[in-house]
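Architecture at a glance
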Amino acid sequence: MEFKNSLLIELLIVQCLLVCCLAQGFDFFYFVQQWPGSYCDTQQSCCYPTTWKPNSDFGIHGLWPNNDDGSYPSNCDPNNPFDQSEVSDLISSLQTSWPTLACPSGNGVSFWSHEWDKHGTCSESMFDQHGYFQLALNLKGQLNLLQILQGAGINPDGGSYSLSSIQGAINNAIGSTPWIECNVDESGNSQLFQVYICVDNSGSNIIQCPIMPNSGKCGSSTIEFPTF
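Being a predicted model, the structure only gives us computed values, none of them experimental.

Quick look at the state of the cysteines now. Note on terminology: a disulfide is the covalent bond linking the sulfur atoms of two cysteines. Tallied over the full model, the rule gives five disulfides. Sulfur-sulfur distance for the disulfide between cysteine 40 and cysteine 46 comes to 2.0 Å. Looking along the S-S bond of the cysteine 40-cysteine 46 disulfide, the torsion reads about 90°, which is the right-handed sense. Summarising the burial analysis for this pair, cysteine 40 and cysteine 46 share the class buried. Paired through a disulfide, cysteine 76 and cysteine 122 show a sulfur-sulfur distance of 2.1 Å. Taking the sign of the S-S torsion, 95° for the link of cysteine 76 and cysteine 122, the bridge is right-handed. A residue pair is termed long-range when its members are at least 10 positions apart, and cysteine 76 in the loop between strand E2 (59-66) and helix H3 (91-97) and cysteine 122 in the loop between helix H4 (109-118) and helix H5 (129-142) qualify at 46 residues. Using a relative accessible area of 9% as the deciding quantity, one classes cysteine 76 as buried. The class for cysteine 122 is buried, based on a relative accessible area of 1%. When the bonded cysteines of the chain are numbered from the N-terminus onward, they pair as 1-2, 3-5, 4-6, 7-10, 8-9.

Pasting the structure below:
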């Protein structure tokens, strides 16, 4: 009996450790939107989805769990891969708001699968697959970046705008300073590529970013906002 009790305790400890490792904690989300014109206006170019050309609007790149110290969990649960049937009612919205621009052309499933497997599984203690993608879509609806920027006279017209004016316009609208990531166009000029906004780990509140990413820094204080 003593041996059985000891074995049972060991099994419970192992199970607890597995659950704890699976449900890795995190401090906040980066909610990342990208401008399709900047994705496509590079030497590598882009491929439109097999469904339709994306709207001339920011599209979701991802919803990424992160920690205050700059570290982040990833690929937290290989036993819970992306299942399209879990988000069947969201497919049309995902195709519109979370389109793929990678080559070769696809229908978005590989993109969403990658985002869930790498990032979404690390929030599964709070969100199942449907909840994770629904949260991202809700945030996209709440954070209309194009409308915010155009309201400040910042338009995707191929013109150049100061980085501070872009950050300021978004900050004034949402009460939080975003991180602006740039890439370079075919001529090597810095252009507005991605916008990072921080959200608390419940997905309920926009917050000031505890730490900013260290990648994609803009090479100039003035950047292009290309057409699409």
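By the secondary structure assignment, serine 190 is in strand E5 (residues 190-200). Separated by 3.1 Å, the side chain of serine 190 and the backbone nitrogen of glycine 219 make a polar contact. Apart from the residues within four sequence positions on either side, serine 190 is in contact with Cys182, Asn183, Val184, Cys218, Gly219, Ser220, Ile223 and Glu224.

To continue, consider the pattern of salt bridges. Under the criterion given, the structure shown has one salt bridge. Between aspartate 57 and lysine 140 there is a salt bridge; the shortest N-O distance is 3.1 Å. Highlighted residues: aspartate 57 in the loop between helix H2 (36-40) and E2 and lysine 140 in helix H5, separated in sequence by 83 residues.

So, on to the packing of aromatic side chains. Given two aromatic rings, one states the distance between the centres and the angle between the planes to describe the pair. According to the stated counting rule, one finds 16 aromatic pairs in the structure shown. Ring centres 5.5 Å apart and planes at 90° place the aromatic pair tyrosine 30 and tyrosine 196 in the edge-to-face group. Remark: tyrosine 196 occurs in strand E5 and tyrosine 30 occurs in strand E1 (residues 28-34); sequence separation between them is 166 residues. Between tyrosine 132 and phenylalanine 133 the ring centres are 5.2 Å apart and the planes differ by 85°, which places this aromatic pair in the edge-to-face class. Note on accessibility: tyrosine 132 and phenylalanine 133 belong to one class, buried. The rings of Phe82, Trp98, Phe111, Trp116, Tyr132 and Phe133 are connected pair by pair, giving a single aromatic cluster. Taking the ring centre of phenylalanine 228 as reference, the NZ or CZ of lysine 53 above it sits at 4.8 Å.

What counts as what
Residues numbered from 1 in each chain as written. Predicted model: local features only at pLDDT ≥ 70, side-chain atom pairs only at ≥ 80, totals over all residues. Heavy atoms only, no water. Disulfide = S-S within 2.5 Å. Buried < 20%, exposed > 50% of the residue type's maximum accessible area, 1.4 Å probe, protein only. Helix = DSSP H or I, 4+ residues; strand = E, 2+ residues; numbered from the N terminus. Polar contact = N/O pair within 3.5 Å; in protein donor to acceptor, adjacent residues only side chain to side chain. Contact = heavy atoms within 4.5 Å. Salt bridge = Lys/Arg side-chain N within 4 Å of Asp/Glu carboxyl O. Phe/Tyr/Trp six-rings, centres within 6.5 Å; stacked < 30°, edge-to-face > 60°. Lys NZ or Arg CZ within 6 Å of the ring centre and 35° of its normal.

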